[in-house]
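Working through the structure, step by step
Here's the letter readout for the chains.
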Amino acid sequence: MDFGMDEQTAIVRDTARKFFREQCPSSRMREILATEEGYSPEMWRQMAELGWLGLVNDESYGGSGGTLFDLFTLVEEMGRALLPSPFFCSSVLSGPLIEEAGDQDLKKALLPQMIRGEKILTVALLGGEGRPDFDDPTLRAHPVDGGRYELTGTRLLVPFAHVAGGILVCAKIEGAASDGPTLFLVDPNTDGLECVPLDTLTKERTFALRFNRARVDGDRIVGGLGQGGAHMGHIWPKATVLKCAEMLGGMERVVEMTVAHVKERHQFGRPLGALQAVHHACFEMATCLETTRLVTTQAAWLLSQGLPAAKDLAMAKAWCNDAYKKCAAIGHQLHGAIGFTEEHDMHLYSQHAKASEMTFGTSWHHRSRVADELGI
Amino acid sequence: MRFTFTEAQEAFRAEVREFLRSEIEAGTFSTQCGDLIQPGSREFSQKLAERGWIGMTWPREYGGQGRPYVEKAILMEELFRVQAPIGYHFLADRQVGPALIHFGSEWQKEHFLPRIVRADEGVAFCLLFSEPNAGSDLAGVTATAVRDGDDYIVNGQKVWTSAAHAADYGWLLAKTDLDSSANRYESASEFIVDMKTPGITVRPIVNMAGQSHFNEVFFENARIPAKSLVGEENAGFKQIMAQMDYERAGLERLMQNYPLFEQLKQHLRDTDPSETPEAFRAWARDQVAQLEIEYGIGRLLCYHTAWTIDQGKAPTAQAAMCKAFCTQYEQRVNDMASQILGPVCQIRRGVAWSPLRGDLAESLLWGPSYTLQGGSVEVLKNIVALRGLGLPRK
Ligand SMILES: Cc1cc2nc3c(=O)[nH]c(=O)nc-3n(C[C@H](O)[C@H](O)[C@H](O)COP(=O)(O)OP(=O)(O)OC[C@H]3O[C@@H](n4cnc5c(N)ncnc54)[C@H](O)[C@@H]3O)c2cc1C
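**Focus on the overall build of chain B**
Helix and strand counts for chain B stand at 12 helices and 8 strands. Here the C-alpha atoms of chain B give a radius of gyration of 22 Å, agreeing with the 21 Å that 2.2 N^0.38 yields for 394 residues. Reported as C-alpha extents along the three principal axes, the dimensions of chain B are approximately 75 × 45 × 45 Å. In chain B, of all internal contacts separated by at least 6 residues, the share reaching a separation of at least 24 is 74%. If you average the places of the 41 positive and of the 50 negative side-chain charges in chain B, the two averages end up 2 Å apart.

Written as C-alpha cells, this is what we have:
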C-alpha cells in the first residue's frame, strides 16, 4: 500500500489545475456554455498543444503515451472546473476506442486529426430508452447494395454531435451470420440522420439522433463484423473510472465552495461555520470526498496496472454516485437561497452530479455487480 | 502509488493467517464476536510476542521491530478477522507503548517496554480517563494527584474502565494543578498506576450485553511514586490528544463484528433462491453490496491512516474521520443482518435456533457501544470540522 502520488501524475495535476484556473474560471465557463458550439475552440487548440487530447494514445499516432492514471488526474481537474468540452466523448471514449478497434488505415487517418484537435469524435451510447445497449443495440443496420448499410433507430443524449466529425455507434446487422453488434463510424452529415438538440439539466450540448435509413459505407465498420460490443466492453471500465474522476473533481469544488461559504457568512452574530449542525454537515461532505478519492483512485490504479478490478470499479462508481449527490445536497442546503440562483455555481455542480450519476451505471446497477462478485 | 501489498507483505499476512489457522484448529480460541477486543490470555499473547508481533512498530532499542504501521495493520486485520483473544496485551501495544516512546522517561521505557513486548507477566493495562462527570469533555476530570514528597496521592473516581479487573497497571489522567483559575486544558497529568496500590478499589459494572466488561475505579489516598508521572506535569490533556491521533484509527473500529458480516454473506450464498421471494433477494443483494462497499472503503481509510503515520505525519482529522465512518458502518451491519435474518436474530448463543452462531444477537447487544467508546462519533465529527476543515469554534 502506497497512497502517494507519483511525480509524473503530480505534474499533470499541477499543470492542469493551473491551466483551468486561468483559462476556465467560472465566468469563462458560463460564457463558453452560452455559445453555439458549447465549447471553446481556442481552448481546445491549447489543450491539443499540451498533448491532452491524445494523452493516452500511442505516440505513433501523435498521442502522448500517458497512463490511465495521468488521464484520471487530468479529467479530475476538468471536473473541478466543469470544463464544457467534448473531451470526454472524443478523447476519453472515441480515441481509445478507435485505437483499440480500428485498423491501421483508420487509425492513421483519424487519430492524428483527433489528437491535433482538428476533428472531434463522439459516441452514441444510449438507445431510445436511454440505456447503454452496446451489447444488444436497438439500432439496426440493413445491408444494401455495394456493401453499404442503412442504419435505423434512435440514439439519445449524444454529446457534441453538432460539432463532431464522426459518430461511433453500435448497430445490429440484420441477417448477419454473427450475432454481435458491429461498430460503425458515421458521418454526421449523412442523409437520413437527424440531429435534435436536447435541453437538459446541465447546459452541456447533447442531442437525440434519429437514424432513418442513414447510409454508411462498409469501410466505416470499425473493428470487424460483430465485434462492436466486445470493443465497447473493453474500454467501458476505463471510461467509467474516468467519469468517477470527473465527479471527484466536481465534489472537491463543492466542498471547497461550501466550506468557504460557511466560514464567510454570518447569522446570529457569528459565522454559520461556528454552528455545530453545520460542523457535522461539513464532516459528511469531507467524508464523502475523502472516501470517494480513495475508492476511485484504487479502481483507477488497478485498471492502470491491468489488474482485476471489476468489483473495485463497481464499488467506486456506486459510491461516487451517492457521495457526489450527497455533497451537492448538503452544499445546496448550507448555501441557502443564494445557491438556488442561476448566478451561483452551486447548481452547475449539483446538476453535474445528477447527470454523471446517470452515466456509466447508476448505484443500483453497480451494487448489483458487487453482489455478483460476492456470489450472492 | 500502489493499492496492492508487496510480496513481502503478502507473505507476512500468510504467515499470520497460518499461525491463526493452526491455533483455531487446536481449539485455542473461538472466532465469535462480541467485545471490542476478545478478553485474552497471557499464553496467547506470548505466542504473538515470540513472533515479534507485539510492539512491531516500536524502535528496536525498546525491543520493537521498527516496522511500518501498514504492516502492523496487516497483522491486526488478520487478528480481528478471527477475533483473536489479544486482550492481554492489546492496550499496552496500541496505546501505552507509543505514548511512553513519545513522552515517557528513560526509566519508564526500560521498565515497561521490553516487558510488554515479551508479554511478561504483570503488564496488562487499562485506561483510566473517563469519570462520571467527564466523558467527552475529558478536560473536566476531577480526580486529583497531589505531590507529597517523592509520591503523588491520588483521589477520585474513574468509570467505564474496560478490563480494570484484569489489569496490572492503569494509565491515569488526573488533575495536578488544583488552582481553580488554572487553564482546564493545562492542569491534568498522565500517570502509570500499579492497580495493586492500596487505596484503589475496582467495582464491576454489568453492561447491556450482560458482561462485566467495564468497571468503576475508586481512588482513596492511593500513594504512587513520583516516577509514575508520564511526560510533563499539567501537559496530560495535550499528550492524550496527540496519542489518540495515532491510536484512534485501528482496524478494531471496523472489524468488531467482522465474522458476522462474513457469515451474513455466506448465509445469502447458501440460501436456496427458490425459497426466498425474488424481491427480497434483490433487496438483500443491494443492501449487502452497499455494506461491502462501505467495508472496503473503511478498510482503505484505516490503511490510509496507517500509511500517513508511516510518512511521519500526524493523521488527526483523518483518523477521526476513519473511526467515525467505520463504527457507523459496524452498526449498519448488525441492523441489516437482523432485517435479513428476521425474528430469530434475537436468539442468543447456545441453542440450535440462534442464527450465525449467535454472533448477530451479540453484535446487536454490543452495537450501541461501537460509536461511543474511544470518543463518540459526534466528538470525532467535531474534530474533523474544527481541525480538518478549519471551521471556527465560535
Ligand atoms: C464499551 C465501552 C468501553 C469503554 N472503555 C473505556 C475505558 O477503558 N477507559 C475510559 O476512560 N473510558 C472508557 N469508555 C468511556 C468512553 O470513552 C466514553 O463513553 C465516551 O468518551 C463518551 O463519554 P460519556 O459516556 O460520558 O458521554 P457524554 O460525554 O456524556 O456524551 C453523551 C452524548 O453527547 C454527545 N456529546 C458530548 N459532547 C458533545 C459535543 N461537544 N458535541 C456534540 N455532541 C456531544 C456525545 O457524542 C454522546 O452522544 C468506554 C465506553 C464504552 C461504551
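Having seen the structure, we can now continue with the description.
**Remarks on helix α6 (residues 104-115) of chain A**
Note that an α-helix has 3.6 residues per turn; residues three or four places apart therefore point the same way. Its 12 residues place the ends of α6 of chain A 16 Å apart at the C-alpha level, agreeing with the 16 Å of an ideal helix rising 1.5 Å per residue. Where α6 of chain A is buried, its residues touch α3 (41-49), α5 (87-101), β1 (121-124), β5 (182-186) and β8 (221-222) of chain A.

**Description of the side chain of D93 of chain B**
Residues and elements named next belong to chain B. Structurally, D93 can be placed in helix α4 (residues 90-103). A distance of 2.8 Å separates the side chain of D93 from the backbone nitrogen of G55, its partner in a polar contact. Once residues within four sequence positions are removed from consideration, D93 is found in contact with W53, I54, G55, W58, K72, P98 and I116.

**Things to note about the pairing of strand β2 (residues 144-148) of chain B**
Residues and elements named next belong to chain B. Pairing geometry for β2 and strand β3 (residues 151-159), over 5 bridges, is antiparallel. Bridge pairing in β3 links A145 to V154. Hairpin connection of β2 to β3: 2 residues between the antiparallel strands, including G149 at a positive phi of 65°.

**Things to note about the interface of chain A and chain B**
If you look at the interface, chain A gives 45 residues, while chain B gives 41 residues. Between chain A and chain B, a total of about 4300 Å² is buried, with carbon and sulfur atoms accounting for 71% of that surface. Of all residues in chain A, the largest losses of buried area upon contact with chain B belong to M1, F3 and I376 of chain A, amounting jointly to 21% of the total for that side. Linking chain A with chain B are 4 salt bridges. Between chain A and chain B we count 19 residue pairs in polar contact (both at pLDDT 80 or more) in total. Contributing elements (two or more residues each) for the side of chain A that touches chain B: α7 (228-264), β10 (270-271), α8 (276-304), α9 (310-335) and α11 (363-374) of chain A. Top contributing element to the side of chain A that touches chain B by residue count: α8 of chain A, with 16 residues. The residue inventory of the side of chain A that touches chain B, partitioned by class, reads 24 nonpolar, 11 polar and 10 charged.

**Examining the domain arrangement of chain A**
Residues and elements named next belong to chain A. As assigned here, chain A comprises domain 1 (7-119), domain 2 (123-226) and domain 3 (229-374). Look at where the C-alpha atoms of domain 1 and domain 3 centre, and you get two points 22 Å apart. Each side of the interface is counted separately: domain 1 has 21 residues, and domain 3 has 33 residues. When the buried area of domain 1 at its contact with domain 3 is split by residue, L68, F72 and R80 rank highest and sum to 29% of it. Where domain 1 touches domain 3, the interface holds 6 salt bridges. Put simply, E76 and R293 hold a salt bridge, and the shortest N to O gap is 3.8 Å.

**Description of the state of the cysteines**
All names here are of chain A. For the structure on display, the rule yields 0 disulfides over all chains. Cysteine C24 shares no disulfide, and the gap to the nearest cysteine sulfur, in C89, comes to 16 Å. Among the cysteines around C170, which has no disulfide bond, C89 carries the closest sulfur, lying 16 Å off.

**Points about the site of the ligand**
Near the ligand, the surroundings consist of 18 residues, among which Q276 of chain A together with S130, S136, W160 and S376 of chain B are the closest. Each of chains A and B places residues near the ligand. A distance of 2.7 Å is found between an oxygen atom of the ligand and a backbone nitrogen or oxygen belonging to S130 of chain B. The side chain of S136 of chain B places a nitrogen or oxygen atom 2.6 Å from an oxygen atom of the ligand. Considered on its own, the ligand offers 960 Å² of accessible surface; in the complex 68% of this is hidden by protein. Among the residues forming the shell around the ligand, the class breakdown is 5 nonpolar, 12 polar and 1 charged. Three or more residues apiece are contributed to the shell around the ligand by two domains, here domain 2 (126-233) and domain 3 (249-388) of chain B.

**Some remarks on the nonpolar core**
Within the largest apolar cluster, 214 residues are counted, with the highest numbers of intra-cluster contacts made by F20, M47, L74 and F87 of chain A together with I86 of chain B. Ranked by residues supplied to this core, first place goes to α7 of chain A with 16 residues. Ignoring sequence-local partners within four residues, the contact set of L74 of chain A consists of V12, A16, F20, W52, L55 and F87 of chain A.

**Description of the pattern of salt bridges**
With the rule as written, the count across this model stands at 59 salt bridges over all chains. Between R367 of chain A and D322 of chain A there is a salt bridge, with the nearest N and O atoms lying 3.3 Å from each other. Residue R367 of chain A is located in helix α11, and its partner D322 of chain A is located in helix α9; the two are separated by 45 residues in the primary sequence. Using a relative accessible area of 25% as the deciding quantity, one classes D322 of chain A as partly exposed. Of the charged contacts in the structure, one is a salt bridge between E23 of chain B and K47 of chain B, with a shortest N-O distance of 2.9 Å. Of this pair, E23 of chain B sits in helix α1 (residues 7-25) while K47 of chain B sits in helix α2 (residues 42-50); the two residues are 24 residues apart in sequence, bridging distant segments of the chain.

**Here we look at the domain arrangement of chain B**
All names here are of chain B. Domain assignment breaks chain B into domain 1 (7-123), domain 2 (126-233) and domain 3 (249-388). A combined buried area of about 550 Å² lies between domain 2 and domain 3, and 59% of that area is made up of carbon and sulfur atoms. By the criterion of area lost to domain 3, the three top residues of domain 2 are S136, M208 and A209, representing 70% of everything that side buries. Across the domain 2-domain 3 interface, the total number found is 0 salt bridges. Applying the counting criterion to the domain 2 and domain 3 interface returns 1 residue pair in polar contact (both at pLDDT 80 or more). Here the residues of the side of domain 2 that touches domain 3 sort into 2 nonpolar, 4 polar and no charged.

The rules we used
Residues numbered from 1 in each chain as written. Chains lettered and ligands numbered in written order. Predicted model: local features only at pLDDT ≥ 70, side-chain atom pairs only at ≥ 80, totals over all residues. Heavy atoms only, no water. Helix = DSSP H or I, 4+ residues; strand = E, 2+ residues; numbered from the N terminus. Rg over C-alpha atoms; globule rule 2.2 N^0.38 Å. Contact = heavy atoms within 4.5 Å. Lys, Arg positive; Asp, Glu negative; His and termini not counted. Charge placed at Lys NZ, Arg CZ, Asp CG, Glu CD. Expected span 1.5 Å × (residues − 1). Polar contact = N/O pair within 3.5 Å; in protein donor to acceptor, adjacent residues only side chain to side chain. Pairing = 2+ DSSP bridges. Buried area = accessible area lost by both parts, 1.4 Å probe. Salt bridge = Lys/Arg side-chain N within 4 Å of Asp/Glu carboxyl O. Nonpolar A, V, L, I, M, F, W, Y, C, P; charged D, E, K, R; others polar. Domains from an automatic or database assignment. Disulfide = S-S within 2.5 Å. Near = heavy atom within 4 Å. Areas by Shrake-Rupley, 256 points an atom, 1.4 Å probe, with all protein chains shown as cover. Core = buried A, V, L, I, M, F, W, Y, C linked by side-chain atoms within 4.5 Å. Buried < 20%, exposed > 50% of the residue type's maximum accessible area, 1.4 Å probe, protein only.

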